[in-house]
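# A look at the structure
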Amino acid sequence: MAIRVQFWGAARTVTGSSHHLECAGQNILLDCGLYQGHRQEAREINTNFAMEPADINAVVLSHAHIDHSGNLPGLARQGYRGPIYATPATIDLCDPMLKDSAHVQEMDAEFIRKRTRRRLSVGQDHPEKPVEPLYGTEDAQAALGLFRPMQLHERKTLEGSSESSGFSVTPYGAGHMLGSTCVLVEGTEQGKTVRVLFSGDVGRNSLPIIKDPETAPAADYLIMESTYGNRLHQPMGPVKNKLAALINRTIKRGGHIVMPAFAVGRSQQVVMMLHELVREKKIPAIPVFLDSPLATTVTKVFQQHTEEWDNELTAFAELTEPFAWQQMTYTQTVEESKALNLMHVPYIVISASGMCEAGRVLHHLRNSIGDPRNLILMTGFQAENTLGRRLVRKEEEVRIFGEWMRLRAEVDSIGELSGHADQRELLDWMEPVAKTLKKVFLVHGEPDAQQELKLEIEKRYKLPVECPARGDEYVLE
């Protein structure tokens, strides 16, 4: 008896999480994430699944981030009609996130079509053919209709399986974002069971809003993320004091603060921290705006799922509504967003995208970076070749909407809010399960991060470690 596993996404990279498991004639996917990269390469990867979608019995989703859930509409577009198992909070987050992703796909395809028409109109050759969206709103809606809830610690036999043959799964809290899980997968055939623990994305202790990661359950094999396998985070403790000091300094010189933030998780963390600082009178009660329609919708999901809240947020909610106060405004329309750029008093605007590559934050940056009184405050990791990374590097000039602009505003970062465990935290998280493991597979990490974490696991736990490439298969017995 054995489980066959094929690593199909987030293999030696940090995007497009997806892993195919087969046992007793049953086939499941762990995650179905969107691969994000160069357009042609991404399209090739995102349209080719590990097997025919109609032949997959079930999908188990660790959490709602697009690099883990974002190709579910593509799976549905190609004929998948089975269940998608996820926690209730993950299901509620996926509703706006997958619809938003579908809209982005449709807009991207329309942009290419317009560019092709322009080139044809002036007699230019065009190297790329007009393309259809990877998927559309109808596909997202079809995928959302397939979701089935799974509760933490509840063992669930998957579609097409039975207690004596096929797969069952048990989710545990991963502490990475609202609704996130690690999943214990049990494959049974001929009376024998093999246990595979899939980490999803492992969170950190003491992150605002969500509960800490739960203890990892016993397993025979571990598929573990390695995003920060070669990095140690700064401690969480001083982040609020640092945030207060930066805000007060900017207010004193008459500037305003632009905070690029991911719509899911990071925006909500920042909003709550600002509210705490106002109540503690560590910063003045200046206007604060969350200028992201998706972040606004996601905040409502956070408000609904109090079962996911940590003790700090629960205690704060007994005193006041955590995500709303007199000076807090959730902007809705484009007109409301544009009006912020006409304000001449200190204020804070939190806006997506977190890496400054798209969205309303670009307008705020264009109207802010030229004034040395203002502060651009980054709240998360900035990938190479993004505008966010160029701002962090404090390049003298940056390009926004095709226009070169001089960077005169102050730029700083509060990177302590990372939702991914670092090397030490990953090693500590896997410690309870290490004694039962036969092998560890590292996924969701760049090669350098994986190699360093591999060496540390081998040294600390004396376990064999693999870093599979896309398409690699293993037999787990």
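Each remark here, short or long, concerns the structure printed above.
Residues numbered from 1 in each chain as written. Predicted model: local features only at pLDDT ≥ 70, side-chain atom pairs only at ≥ 80, totals over all residues. Heavy atoms only, no water.

## Section: helix 5 (residues 137-144)
Of the positions making up helix 5, those classed as buried are Asp 139, Ala 140, Ala 143 and Leu 144. In an axial view of helix 5, the angular spread of the buried residues amounts to 140 degrees, which keeps them on one side of the axis. (Buried < 20%, exposed > 50% of the residue type's maximum accessible area, 1.4 Å probe, protein only. Helix = DSSP H or I, 4+ residues; strand = E, 2+ residues; numbered from the N terminus. Arc of directions from axis to C-beta.)

## Notes on the packing of helix 13 (residues 423-434) against helix 14 (residues 447-461)
Taken N-terminus to C-terminus, the directions of helix 13 and helix 14 make an angle of 40 degrees; their axes are 11 Å apart at the nearest point. Taken together, helix 13 and helix 14 sit at an angle that is classed as oblique. As for the relative orientation of helix 13 and helix 14, their crossing is right-handed in sense. Between helix 13, through Gln 423, Leu 426, Leu 427, Asp 428, Met 430, Glu 431 and Ala 434, and helix 14, the contact on the second element is made entirely by Glu 452, Leu 453, Glu 456, Ile 457, Arg 460 and Tyr 461. Looking at the contact of helix 13 with helix 14 residue by residue, the class counts come to 7 nonpolar, 1 polar and 5 charged. (Axes fitted to C-alpha atoms, helices over the stretch in contact; angles between N-to-C directions. Parallel < 35°, antiparallel > 145°, perpendicular 65-115°, else oblique. Left-handed = near helix turned anticlockwise from the far one by under 90°. Contact = heavy atoms within 4.5 Å. Nonpolar A, V, L, I, M, F, W, Y, C, P; charged D, E, K, R; others polar.)

## Observations concerning the packing of aromatic side chains
According to the stated counting rule, one finds 4 aromatic pairs in the structure shown. Ring plane angle 80 degrees and centroid distance 6.1 Å describe the contact between Phe 289 and Tyr 347, whose orientation is recorded as edge-to-face. Of this pair, Phe 289 sits in strand 13 (residues 288-291) while Tyr 347 sits in the loop between helix 10 (334-339) and strand 15 (348-351), placing them 58 residues apart in sequence. According to the relative accessible area criterion, Tyr 347 is buried, its value standing at 1%. The ring of Trp 8 carries Arg 470 above its face, with NZ or CZ at 4.4 Å from the centroid. (Phe/Tyr/Trp six-rings, centres within 6.5 Å; stacked < 30°, edge-to-face > 60°. Lys NZ or Arg CZ within 6 Å of the ring centre and 35° of its normal.)

## Considering the packing of helix 6 (residues 239-252) against helix 7 (residues 266-279)
One can describe the packing of helix 6 onto helix 7 by two numbers: an axis separation of 11 Å at closest approach and a directional angle of 75 degrees. Judged by the angle between their axes, helix 6 and helix 7 are roughly perpendicular. Here helix 6 contributes Val 239, Lys 240, Leu 243, Ala 244 and Ile 247 to the contact with helix 7, which in turn contributes Met 273, Leu 274, Glu 276 and Leu 277. Split by residue class, the contact of helix 6 with helix 7 holds 7 nonpolar, no polar and 2 charged.

## Section: the pairing of strand 20 (residues 439-443)
Among the 5 residues of strand 20, 4 are classified as buried, and the element is accordingly described as predominantly covered. Sheet topology note: the strand 11 (residues 221-225)/strand 20 ladder contains 5 bridges and is parallel. When the sheet's bridge partners are listed, Met 224 is paired in strand 20 with Leu 442. Bridge count between strand 20 and strand 21 (residues 465-466): 2 bridges; the pairing is parallel. Within the sheet, the bridge partner assigned to Phe 441 lies in strand 21 and is Glu 466. (Pairing = 2+ DSSP bridges.)

## Side note on the side chain of His 364
Following the sequence through the fold, His 364 ends up in helix 11 (residues 361-366). Classification of His 364 as buried rests on a relative accessible area of 1%. A distance of 2.6 Å separates the side chain of His 364 from the side chain of Asp 291, its partner in a polar contact. Among all residues touching His 364, those that are not within four sequence positions of it are Val 258, Asp 291, Ser 337, Leu 340, Asn 341, Val 349 and Ser 351. (Polar contact = N/O pair within 3.5 Å; in protein donor to acceptor, adjacent residues only side chain to side chain.)

## Concerning the sheet that holds strand 12 (residues 257-260)
One open sheet holds the 6 strands; their spatial order is 14-13-15-12-16-19, and the pairing between them is parallel. Strand pairing shows two members of the sheet lacking a second neighbour, strand 14 (328-330) and strand 19 (410-413), which therefore form its edges. For this sheet, the mean angle separating the axes of adjacent strands, direction not counted, is 20 degrees. Pairing between strand 13 and strand 15: 4 bridges, direction parallel. Paired with Val 288 across the two strands is Ile 348, which belongs to strand 15. In the packing of helix 6 onto the sheet, contacts are made with strand 12, strand 15, strand 16 (375-378) and strand 19, and the angle to strand 19 comes to roughly 170 degrees. Of the strands in this sheet, strand 13 and strand 14 are in contact with helix 8 (residues 293-304), which crosses strand 13 at around 100 degrees.

## Overview of helix 14
Its 15 residues give helix 14 an end-to-end C-alpha distance of 21 Å, which sits within 8% of 21 Å, the value for a rise of 1.5 Å per residue. Within the sequence span of helix 14, burial applies to Ala 449, Gln 450, Leu 453, Lys 454, Ile 457 and Tyr 461. Taken around the axis of helix 14, the buried residues stretch over an arc of 130 degrees, which confines them to a single face. Opposite its buried face, helix 14 presents the exposed residues Asp 448, Leu 455 and Lys 459, each directed more than 90 degrees away. Of the surrounding elements, those touching the buried residues of helix 14 are strand 11, helix 13, strand 20 and strand 21. Just downstream of helix 14 lies Lys 462, where phi reads positive at about 55 degrees. (Expected span 1.5 Å × (residues − 1).)

Worth remembering: the numbers are spatial, not functional.
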